[in-house]
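# Geometric and topological summary
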Amino acid sequence: MRIRHAVAATALSLGLLGGLSGIAQAAPEGSESVGVEQVEALDASYGGTITRAEVVKRAKDWWDRKIPYSQSAYAYDINKGKKYRTDCSGFVSMAWKLTTSRTTSTLDEVATKIAWANLKPGDMILRNGHVKLFEKWANTAHTSVWIYEEGSTATDMDHETVTIATLKSGGYAPWKYKKIS
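Quick caveat, the model's predicted, so the values are computed rather than measured.

Right, let's get into the environment of phenylalanine 134. Structurally, phenylalanine 134 can be placed in strand 5 (residues 130-137). On the basis of relative accessible area, phenylalanine 134 is assigned to the buried category, the value being 1%. Once residues lying within four places of it in the same chain are set aside, the contact partners of phenylalanine 134 are Leu119, Lys120, Pro121, Gly122, Asp123, Ile125, Val145, Trp146 and Ile147.

Printed below as a string of structure tokens:
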């Protein structure tokens, strides 16, 4: 019951429920009521566990749509469920299906640093001020990778290969999202 109240409180703060008493709440006239069970499902969809395949699919969607880079604009994710800032960190936040657009200074709070050899699809490659999303290894020697990124206003969405040596010399390090499966 404690978890239900926490979910209901979260839903209240998001404006999804009108109060905390009972499981289902009255909704404004003309709309459907939202019960705690529905809120739990909604809550799990953003900020919850995500598969590596879903992360890459979400990243590829922005690449396919050629979402332009901006530090002030926002674009919908693949299912139009949430908008994210269209810069590099907003892009990774979107791919990971986070509850909000993080910054390059706060993405590490939801991730764990890993070894280069342990990179898997959906991991991020982060440095101070910029982030890329690892798609896959570009060669069997594991010396270069395919990445997706919101590069800059000059390049917008990028999907390209980069060598590990270049990434290391640029101050990048690999990170794994804590809720990726």
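Having seen the model, we can carry on.
What follows deals with the confidence of the model for the protein. The share of residues in the protein with pLDDT of 70 or more is 76%, and the mean pLDDT across the chain is 83. Across residues 1-44 the pLDDT falls below 50, and counting only partners more than four positions away or on other chains, this stretch makes 39 contacts in the model.

What follows covers the nonpolar core. In a soluble, globular protein the nonpolar side chains are often hidden away together inside. With 29 residues, the main nonpolar core has Trp62, Phe91, Val92, Trp96, Met124 and Leu133 as its most contacted residues. Sorting the residues of this core by element identifies helix 3 (52-65), helix 4 (88-95), strand 4 (124-127), strand 5 and strand 8 (173-177) as the ones contributing at least two each. Per-element accounting of this core gives the leading share, 5 residues, to helix 4. With near-sequence residues (within four places) excluded, methionine 124 lies in contact with Val92, Trp96, Leu107, Asp108, Ala111, Val131, Lys132, Ala173, Pro174 and Trp175.

Among the 8 residues of helix 4, 8 are classified as buried, and the element is accordingly described as predominantly covered. Buried within helix 4 we find Cys88, Ser89, Gly90, Phe91, Val92, Ser93, Met94 and Ala95. For helix 4, the secondary structure elements touched by its buried residues are helix 3, strand 2 (83-85), strand 4, strand 5, strand 6 (144-150) and strand 7 (157-163). Directly beyond the C-terminal end of helix 4, a positive phi value near 60° is found at lysine 97.

With that settled, consider the sheet that holds strand 3 (residues 111-113). Pairing in this open sheet of 6 strands is antiparallel, and the strands run 3-8-4-5-6-7 from one edge to the other. One side of each edge strand has no neighbouring strand; the edge strands of this open sheet are strand 3 and strand 7. The average undirected angle you get between the axes of adjacent strands in this sheet is 40°. In the sheet, strand 4 pairs with strand 8 via 3 bridges, with the strands oriented antiparallel. Looking at the pairing, methionine 124 lines up with tryptophan 175 of strand 8. Its contacts with the sheet place helix 4 against strand 4, strand 5, strand 6 and strand 7, and it is angled at close to 45° to strand 5.

Rules behind the numbers
- Residues numbered from 1 in each chain as written.
- Predicted model: local features only at pLDDT ≥ 70, side-chain atom pairs only at ≥ 80, totals over all residues.
- Heavy atoms only, no water.
- Helix = DSSP H or I, 4+ residues; strand = E, 2+ residues; numbered from the N terminus.
- Buried < 20%, exposed > 50% of the residue type's maximum accessible area, 1.4 Å probe, protein only.
- Contact = heavy atoms within 4.5 Å.
- pLDDT = per-residue confidence, 0-100.
- Core = buried A, V, L, I, M, F, W, Y, C linked by side-chain atoms within 4.5 Å.
- Pairing = 2+ DSSP bridges.
- Axes fitted to C-alpha atoms, helices over the stretch in contact; angles between N-to-C directions.

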